[in-house]
Amino acid sequence: MAKAKILLLVDKDSDNAGDQLVEETLTALLAGAMTNLGFPPEDVELLSRSLGIVPKKYVETNQDSLLDAAREIVGRADVVVVEASLLGLPSHPRWNQASTILQIARKQSVPVLFLGADVQSLQEADRRGTGLLNSLGAPTVKLITTGGDSTPVVELLPEYVGSVVSTPSAGVLGGAVFQAQKAPASVSPGVIGLVVGRAEGINASDAEVRNFWLEVIDLLTARGLDYRLFAMGDSPDEYFLYSLVRENGIAHSKVRFIINSAQELVHEVAACTGVIAMNLNVGIAAYACQIPAVNLQVEPGVLSFYRSIGHPDRAISKHDWHALQVVDSLQAAIGGGTDRNEEFTMSAYISLFEGLKEAIDPGSPIPPYSYEQLTVNLPLVGVAHARYRDRANRKLRRAYESHYAAVTAGKVKSGRLKSALKRVARKLRALAKELRGKPQGHS
């Protein structure tokens, strides 16, 4: 029996642990769905690749020969899965690359599942000349999922004959995926997690964002609540965290300086009593772990997600970013709790399962797993030592590139930033040493 080949296309170059959470959870769910369909693991080949199989040079030049490698990779697959929620802003070349891959799949009659689309990004990406809406209308696209209302997506694609389903991010099942290797985090129960980040994509300065977090810390302290600061893994956000701590005398015992994997993010979130987040994937991770969270509306989809779980009040608009209101909202959320809606949560898996079945085994009478069946049939997810090391090295390289650019431009003194980077390097080496003592997962 020939192996069933699944090609998963994501942003493989992201340091953001929230992006890694979506990728690794989706990878596990695809493996679980294939087992559900009756394919033993040895008969499934799951290849996770970057959208960079379509070179950026092709996006710039349209030189046809540059697509030879992409055609070969797509042509070997039985189904292609694109995670649209990780494509970034519609101005990013990844949207052009995704559109090109859909066109290649159409010409080679390879089924496609396009996950996590939002109507605003689809419209904007198409307006920028990607041809995405035309590509999505192909009969080879068997499934489109969206985190919001599916009706606007359907209206964008009047000729589309596949399924458009409203379903949450795969990340809502992150708790189930990582449960098998859940370990004690470095935080203590009763702590409020503050997941900080710089002022990117919002109408505010880093100074304003820094003052907001300091006011939150002061208010939590005044109310007798402990807190823990951490970031999502991007080097600029971690440097923002480092400067926040260093310049304001915050005890290092209240900080996790480095997050380098989805597992570390999940374990930190799961050990908190409540979370205040700037990133939607943190809110999704908190929901997956049944930890109450409030989300500052920095990116699209925040309000839609919290509406879908029945708590729109936990999505806080920029106009309401006041420490008192945010902390009051979090304490109300902690009082109300976060119950996992199994039907809502499992819709992320069921839509994926049905899409795979349509692509690989149409007409199969096999039903999707229940939540209990899914949790016992998911593969062990972990990050292999080599991949963890590569992520750490990549992050350190980017930090030194930023250091070089800043010093060359005269924006900072070399000694100060070099000292900070040495501390980052020590942290990364310590984490790598710690990891060597843990069971190894799949790469």
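Calculation notes
- Residues numbered from 1 in each chain as written.
- Predicted model: local features only at pLDDT ≥ 70, side-chain atom pairs only at ≥ 80, totals over all residues.
- Heavy atoms only, no water.
- Helix = DSSP H or I, 4+ residues; strand = E, 2+ residues; numbered from the N terminus.
- Buried < 20%, exposed > 50% of the residue type's maximum accessible area, 1.4 Å probe, protein only.
- Areas by Shrake-Rupley, 256 points an atom, 1.4 Å probe, with all protein chains shown as cover.
- Phe/Tyr/Trp six-rings, centres within 6.5 Å; stacked < 30°, edge-to-face > 60°.
- Salt bridge = Lys/Arg side-chain N within 4 Å of Asp/Glu carboxyl O.
- Pairing = 2+ DSSP bridges.
- Contact = heavy atoms within 4.5 Å.
- Axes fitted to C-alpha atoms, helices over the stretch in contact; angles between N-to-C directions.
- Core = buried A, V, L, I, M, F, W, Y, C linked by side-chain atoms within 4.5 Å.
- Expected span 1.5 Å × (residues − 1).
- 1 Å grid on protein atoms, 1.4 Å probe; cavity = no way out; pocket = protein on both sides within 12 Å on 5 of 7 lines; lining within 4 Å.
- Points joined across faces, edges and corners; volume = space filled by probe spheres on them.
- Nonpolar A, V, L, I, M, F, W, Y, C, P; charged D, E, K, R; others polar.

Student: An account of the overall build of the protein is needed here, citing residue identities and associated values.
Tutor: Across its full length, the protein carries 18 helices and twelve strands. Burial statistics for the protein: of 443 residues in total, 52% are counted as buried. For the protein, the exposed area adds up to about 19400 Å²; of that, 50% sits on carbon and sulfur atoms.

Student: Which residues make up the packing of aromatic side chains, and what values go with them?
Tutor: For the structure on display, the rule yields eight aromatic pairs. Ring centres of Phe212 and Trp321 lie 5.8 Å apart, and the angle between their planes is 35 degrees; on these two criteria the pair is classed as tilted. Taken together, the residues span a long stretch of sequence, with Phe212 in helix H9 (residues 206–222) and Trp321 in the loop between strand E12 (315–316) and helix H14 (323–336) at a distance of 109 residues. Here Tyr287 and Phe344 contribute two aromatic rings whose centre-to-centre distance is 5.9 Å and whose plane-to-plane angle is 85 degrees, an arrangement assigned as edge-to-face. Here the residue Tyr287 occupies a position in helix H12 (residues 280–288), and Phe344 occupies one in helix H15 (residues 342–360), the gap between them amounting to 57 residues.

Student: Explain the pattern of salt bridges to me, and be specific about the residues and the numbers.
Tutor: Should the charged atoms of two oppositely charged side chains come close, the side chains can pair. On inspection of all chains with the given rule, the structure shows eleven salt bridges. Ionic pairing is found between Arg71 and Asp64, a salt bridge with its closest N-O pair at 2.5 Å. Between Arg223 and Asp328 there is a salt bridge, and its shortest N-O distance comes to 2.8 Å. Of the two residues, Arg223 sits in the loop between H9 and strand E8 (226–230) while Asp328 sits in helix H14, which places them 105 residues apart along the sequence. Counted as one network, the salt bridges with shared partners bring together Arg228, Arg256, Glu264 and Glu268.

Student: If you had to explain the sheet that holds strand E9 (residues 255–256) to someone new, which residues and values would you point to?
Tutor: In a beta sheet, neighbouring strands are held together by backbone hydrogen bonds and run either parallel or antiparallel to one another. On the basis of which strands lie adjacent, the open sheet formed by six strands has the order E9-E8-E7-E10-E11-E12 and parallel pairing. Since the sheet does not close on itself, it has two edges, and those belong to E9 and E12, each with one partner. Across five bridges, the pairing between strand E7 (residues 191–195) and E8 is parallel. Looking at E8, one finds that Ile192 is bridged to Tyr227. Here H9 sits on the sheet in contact with E7, E8, strand E10 (274–277) and strand E11 (293–296), set at roughly 175 degrees to E7.

Student: Can you break down the sheet that holds strand E2 (residues 44–50) residue by residue, with the values?
Tutor: Read from one edge to the other, the open sheet built from six strands follows the order E2-E1-E3-E4-E5-E6, with strand pairing classed as parallel. Each edge of the open sheet is held by one strand with a lone partner, namely E2 and strand E6 (163–166). Here the strands of the sheet are splayed against their neighbours by 15 degrees on average, with no regard to which way each runs. Of the pairings in the sheet, the one linking strand E1 (residues 4–10) to E2 comprises seven bridges and is parallel in character. Note on E2: the bridge partner recorded for Lys5 is Glu45.

Student: Any details on the nonpolar core? Residues and values, ideally.
Tutor: Within the largest apolar cluster, 66 residues are counted, with the highest numbers of intra-cluster contacts made by Leu173, Val275, Phe305, Tyr349 and Leu356. In terms of residue count, helix H1 (residues 17–36) provides more of this core than any other element does, nine residues in total. Those residues in contact with Leu356 that sit more than four places away from it in its chain are Ile6, Leu30, Ala33, Met34, Leu37, Val79, Leu113 and Asp361. With 39 residues, the next largest nonpolar core counts Ala70, Ala98, Ile104 and Ala138 among its residues.

Student: Can you break down H1 residue by residue, with the values?
Tutor: Compared with an ideal rise of 1.5 Å per residue, which puts 20 residues at 28 Å, H1 spans 28 Å between its outermost C-alpha atoms and is within 8% of the ideal. For H1, a buried count of 17 out of 20 residues is recorded, marking the element as mostly surrounded by other parts of the structure.

Student: Describe H9, with residues and values.
Tutor: Between its terminal C-alpha atoms H9 stretches 24 Å, which fits the 24 Å expected from 17 residues at 1.5 Å a residue. Val209, Arg210, Phe212, Trp213, Leu214, Val216, Ile217, Leu219 and Leu220 are the residues of H9 that are buried. On its buried face, H9 is in contact with E7, E8, helix H10 (235–247), E10, E11 and H14. Gly224 sits one or two positions beyond H9 and adopts a positive phi of about 75 degrees.

Student: So what about empty space enclosed by the protein? Which residues, and what values?
Tutor: Per the stated rule, a full pass over the model turns up one cavity of 30 Å³ or more. Contributing to the lining of the largest cavity are Gly283, Ala286, Tyr287, Ile291, Ala293, Tyr306, Ile309, Arg314 and Thr338. With three residues, the top contributor of residues to the lining of the largest cavity is H12. Its residues placed into classes, the lining of the largest cavity shows six nonpolar, two polar and one charged.

Student: Describe the pairing of E1, listing the residues and the values that go with them.
Tutor: The side chains of a regular strand alternate between the sheet's two faces. Along E1, six of the seven residues are buried, which leaves the element largely enclosed by surrounding structure. Bridge count between E1 and strand E3 (residues 79–83): four bridges; the pairing is parallel. Residue pairing in the sheet places Leu8 in a bridge with Val81 of E3.

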